[in-house]
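# Notes for the structure review
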Amino acid sequence: MPFSALSHLDCPRCGARHDPDQVHGTCSCGSPLLARYDLGRVQASPRDIAARPADLWRYHELLPVREAGHVVSLGEGMTPLLALPKLGRALGVPNLLMKDESLIPTGTFKARGAAVGVSRAAELGVSAIAMPTNGNAGAAWSVYAARAGMRSLIAMPVGAPAVTRAECAAAGAELYLVDGLIGDAGKLIAAAVAQRPGYQDVSTLREPYRIEGKKTMGLEIAEQLGWRLPAVIVYPTGGGVGIIGIYKALRELLDLGWVSGDLPRLVAVQSTGCAPIVRAFEAGAAASEPWPDAKTVAFGITVPNALGDFLILEALYATGGTAVAVTDESLLADQRAAARLEGSFICPEGAACVTAVRQLRESGWLSEADEVVVLNTGAGLIYPDTVPAGAPVLAPSGSIPAGPGQPGG
Ligand SMILES: *Cc1c(COP(=O)(O)O)cnc(C)c1O
Ligand SMILES: [Zn+2]
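Residues numbered from 1 in each chain as written. Chains lettered and ligands numbered in written order. Predicted model: local features only at pLDDT ≥ 70, side-chain atom pairs only at ≥ 80, totals over all residues. Heavy atoms only, no water.

## Remarks on the packing of aromatic side chains
If you walk through the whole model with that rule in mind, you get three aromatic pairs. With a centroid separation of 5.4 Å and an interplanar angle of 75°, the aromatic rings of W227 and W258 are classed as edge-to-face. Highlighted residues: W227 in the loop between α8 (216–224) and β10 (232–236) and W258 in the loop between α9 (241–256) and β11 (265–271), separated in sequence by 31 residues. Across the pair, W258 and W227 agree in class, each one buried. On the basis of an interplanar angle of 15° and a centroid distance of 5.3 Å, the ring pair of F281 and Y317 is categorised as stacked. Of this pair, F281 sits in helix α10 (residues 276–282) while Y317 sits in helix α11 (residues 309–318); the two residues are 36 residues apart in sequence, bridging distant segments of the chain. What makes F281 buried here is its relative accessible area of 17%. Note that R13 overlies the ring of F310, its terminal NZ or CZ placed 4.4 Å from the centroid. Lying across the ring of Y199, R196 places its NZ or CZ 5.0 Å from the centre. (Phe/Tyr/Trp six-rings, centres within 6.5 Å; stacked < 30°, edge-to-face > 60°. Helix = DSSP H or I, 4+ residues; strand = E, 2+ residues; numbered from the N terminus. Buried < 20%, exposed > 50% of the residue type's maximum accessible area, 1.4 Å probe, protein only. Lys NZ or Arg CZ within 6 Å of the ring centre and 35° of its normal.)

## Remarks on the coordination of the zinc ion (ligand 2)
Looking at the zinc ion (ligand 2), the protein donor atoms are C11 (SG), C14 (SG), C27 (SG) and C29 (SG), and they sit 2.3 Å from it. Because the angles between the four donor atoms bound to the zinc ion (ligand 2) fall within 102 to 118°, the donor set is best described as tetrahedral. One chain supplies every donor to the zinc ion (ligand 2), and in sequence these donors are spaced C-x2-C-x12-C-x1-C. With C14 in the loop between β1 (6–10) and β2 (17–18) and C27 in the loop between β2 and β3 (34–37), this pair connects stretches of sequence that are 13 residues apart. Note on C14: relative accessible area 46%, which makes it partly exposed. In this structure C27 comes out as buried when scored by relative accessible area, which is 3%. (Donors = N, O, S within 2.8 Å, 3.2 Å for Na, K, Ca; no water. Tetrahedral: all angles 85-135°; square planar, octahedral: opposite > 155°, others 65-115°.)

## With respect to unusual backbone geometry
In this model, L205 sits at a positive phi of 65°, which is unusual for a non-glycine residue. If you trace the backbone, L205 turns up in the loop between β9 (199–201) and α7 (210–214). With phi around 50°, D293 is a residue other than glycine that occupies positive phi space. Locating D293 in the fold gives a position in the loop between α10 and α11.

## Notes on the pattern of salt bridges
Side chains that differ in sign of charge can pair as their charged atoms come close. Counted by the stated rule, this structure contains 17 salt bridges. A salt bridge links R66 to D21; the nearest nitrogen and oxygen atoms lie 2.9 Å apart. Taken as a pair, R66 in the loop between α1 (46–50) and β4 (81–83) and D21 in the loop between β2 and β3 lie far apart in primary sequence, 45 residues in all. Classification of D21 as partly exposed rests on a relative accessible area of 38%. K215 is the salt-bridge partner of E252, the closest N and O atoms lying 2.7 Å from each other. Here the residue E252 occupies a position in helix α9, and K215 occupies one in the loop between α7 and α8, the gap between them amounting to 37 residues. Pair check on accessibility: E252 and K215 agree, each one buried. What you see here is one network of salt bridges that share partners, running through D21, R66, R120 and E123. (Salt bridge = Lys/Arg side-chain N within 4 Å of Asp/Glu carboxyl O.)

Here it is, written out as structure tokens:
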């Protein structure tokens, strides 16, 4: 049995098929390409999977890397699926679970896309990758590129989380800061790649394999629930790779017969400061319009114009899902609520999902009985400035009050 059941690349817009063993960007029609597998050739069973190491490569038949020796790994995957009983009760959704990506290398789920994308690029002979990023993807791709012995060229907005710059620099990336948004960084990268032979543009959905890494979140949720699907999955949506990937993964599991029944209703969460998918969903549209003057503290979801917009919207419509916008103020309040009630310091993007659950329960879209999985896509530690942490400064000769003072200083 082959290590990977990869069969071809498929264009979800024009239907063209492409040879997966050549390096590809988008389809000639401009659409992202999706990897397809010969699922009939997969002989492994859920039982076999359970006996494999606890990382995302346990699903190797459903991943595009052809040879085990080409896997570039830092141990990513099989993050916890945590129950959040106190926060869930406070929100009126007692069966609330969180897939916690803060424990993964680089501190965000971007490591999944980078591990699979870099491994496959290296397998196909690519020697340098280039990408625009809101920070987290650049950090992840530069460390995996370093491990693979590849060069990396990264451009990110000056406003991106500072620690992600440090991670790129430490890993030896060629790093540029752009006084603009991710779209501006994308144009600079595309122009540079055109002049640099051997560099592959691995921008969001401009190569087919990042999504394959991110889809493993969906595979893991199903496995961790005992090959059962939750009622609802709530995802902080920027470029949408995660939500498109989760949808793709769950459909592959249905085709394999490893799960059955209805797919979970998928929820795309955005910020009121950048909500192109929410606006398109509310209009019943098949594609989105670029969002002007995008701005939110949930930096990873500041994507005004997603290449895969039509795929995100299709996943929402097909599963009876929805799209919700939340304010920075409310997501920051829920970031603290999650830490105080559950001890989990989640990232602002993850906190946006908690606020979305609150809003959807209030509107009646969610019921008390629903089993809801929120994605915490990264560690709160990456965004230290989102929580004010004033505390009294004491002289060595000073004293601490005999009883408890104010929490948080
Ligand atoms: C990139 C990112 C997102 C958005 O992911 P997409 O798959 O592009 O929609 C969400 N949260 C964090 C922390 C991110 O870095
Ligand atoms: Zn096409």
